[in-house]
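A closer look at the structure
The residues making up each chain are set out below.
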Amino acid sequence: MFLSDFRKEFYEVIVAQRVLLLVASDVDALCACKILQALFQCDHVQYTLVPVSGWQELETAFLEHKDQFQYFVLINCGANVDLLEILQPEEDTFFFICDTHRPINVVNVYNETQIKLLVKQDDDLEIPAYDDIFRDEEEDEDDSGNESDGSEPSGKRKRFEEQILLLKQTLFPSPPFRREILFDYEQYEYHGTSSAMVMFDLAWIMSKDLNDMLWWAIVGLTDQWVQDKITQMKYVTDIGTLQRHVSRHNHRNEDEENSLSIDCMRIAFEYDLRLALYQHWSLFESLCNTCYTSASLKLWSVQGQKRLQEFFADMGLPLKQVKQKFNSMDISLKDNLQEMIEESASKFGMKNLRVQTFSIHFGFKNKFLASDIVYATASLMENIEKDDPGTDNFIKALDSLSRSNLDKLHQGLELAKKQLRATQQTVASCICTNLVISQGPFLYCYLMEGTPDVKLFSKPVSLCLLSKYLLKSFVCSTKNKRCKLLPLIVAAPMDVEQGTVIMVGIPPETESSDKKK
């Protein structure tokens, strides 16, 4: 069931309990987790944190801890499957689910006892009516016959479970329209409001929202945009919501004595360049390894490299300047850089090179864009350089979101640069060697074992990012207009010893709806 008052129905229920946090392996989930951890720290809530990266890990974590916990909080997992069917919990076990994945499973929606959904009410959910999918013709007769005997809540639960059983039958012979209703509801996968934003709203309602929490909400939203999980319109709408909070916080902090101290934290809204990590890299490297610019200029080809040289010439930027670190560029060039790039980019067909975003200053030296944090945190979370278990990477990624761990954040930025270089080189290789094959209703690409840097793409977030870059670049490179209407499936070796493969499906490049997959 949906909760209407998160403070009363969620936080005040768990604040005096021991809680198990099950957190998915994505940046938005990490940010939501950080906000909830900060709230728990304020109120001395006892909790255990377990990262999960799939249904098998979720089930294993639940079985290991079900005897010690009664209350479970799931972040970015659990909403779009029948959780009670998978986990088979006791009747006194309760699940609070904050998940961006849509559509939400109808059994979770209409279970009023154990499943509690933390979902923003303004999200367009289009849940089928209860009567359309559960109610029987016979039930009306049963209800009229049982009115006088005062049925107990256990009887209600029994009836609900019987209705769920009906729903799960593979065929719905009576009435057939149930199948059509469920098919229409479940055929597309999409994403709702960022979980980090939902958790920040909870903190705001309780007047416990801090600047750090606001920044984590911003990073959670930016992760959805970087991963192409939400539409541009949804992104701009949510940016507007967060901008109001930023203005409120900045106004509140104006009178504080430490507003100009060396360890202060300032968040600012700005229009900035859509170039990955350019303030921590060289402008040349950033342009070459950003999907939007690389695909628009077709940098995998000789002609594309010539267009890049023409692009710099049109801006009047010497190669010596653009190939050195951004921080080392002449100040006179940096001051007007955004206007120069935007003016020249429109001549080269790149009209959307500026984007609304937020930046953060730690003291006087460190400045980061929200997208920088997303790339760094995701790279730390899926780091394969050391044989650390997944839990260690998860904790490092979680720690990198704290301003007290800037060394880990800088380590993540270096890993992200390596990841972006490998992604663009792999995209160029796939296009130049014709590895993207049209298989009728979809496009297909398999990264063979032995491909350079193929290990980097054995993780879901990295492979998703590669797939999106590859599809955009392939659509820009091909003359076949039909390819713009086809989805892409990419497969890569996951574990060579076990012979497993990881696969990702990406919707068509021309798809503008948020309901994509």
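Let me begin by describing the structure that accompanies this report. (Residues numbered from 1 in each chain as written. Predicted model: local features only at pLDDT ≥ 70, side-chain atom pairs only at ≥ 80, totals over all residues. Heavy atoms only, no water.)

Points about the pattern of salt bridges
Scanning the entire structure with this criterion turns up twelve salt bridges. One salt bridge in this structure joins E414 and K417, with 3.1 Å as the shortest N-O distance. Taken together, the positions of E414 and K417, both in helix α21 (residues 406-432) and three residues apart, correspond to about one turn of that helix. Of the residues examined, K417 reaches a relative accessible area of 6% and is grouped as buried. (Salt bridge = Lys/Arg side-chain N within 4 Å of Asp/Glu carboxyl O. Helix = DSSP H or I, 4+ residues; strand = E, 2+ residues; numbered from the N terminus. Buried < 20%, exposed > 50% of the residue type's maximum accessible area, 1.4 Å probe, protein only.)

Examining the nonpolar core
In terms of nonpolar packing, the biggest core is built from 139 residues, with F10, F95 and W215 touching the most fellow members. With eleven residues, the single largest contributor to this core is helix α2 (residues 27-43). Sequence-distant contacts of F95, defined by excluding residues within four places in its chain, comprise F62, F72, L74, L83, L84, L87, P89, Q114, I115 and K116. One finds L275, Y292, M329 and A345 within the second-largest nonpolar core, a separate group that totals 27 residues. (Core = buried A, V, L, I, M, F, W, Y, C linked by side-chain atoms within 4.5 Å. Contact = heavy atoms within 4.5 Å.)

Things to note about helix α18 (residues 337-347)
Every buried residue of α18 is accounted for by L337, Q338, M340, I341, S344 and A345. Taken down its axis, α18 places every buried residue within 160° of arc, on the same side. Those residues of α18 that are exposed and aimed more than 90 degrees away from the buried face are E343 and K347. Contacts from the buried residues of α18 go to β8 (265-273), α13 (283-289), α15 (302-315), α17 (331-335) and β9 (354-362). Looking one or two residues past α18, G349 carries a phi angle of roughly 80°, positive in sign. (Arc of directions from axis to C-beta.)

As for the sheet that holds strand β14 (residues 500-506)
Taken in spatial order, the four strands line up as β11-β12-β13-β14 in an open sheet, and their pairing is mixed. Each end of this open sheet is capped by a strand with a single partner; those strands are β11 (437-438) and β14. Bridge count between β11 and strand β12 (residues 443-446): two bridges; the pairing is antiparallel. The residue bridging I437 from the neighbouring strand is Y444, located in β12. Contacts from helix α22 (residues 460-477) reach β12, β13 (488-495) and β14 within the one sheet, and its direction differs from that of β14 by about 50°. (Pairing = 2+ DSSP bridges. Axes fitted to C-alpha atoms, helices over the stretch in contact; angles between N-to-C directions.)

Everything listed here is a matter of geometry and, on its own, says nothing about what the molecule does.
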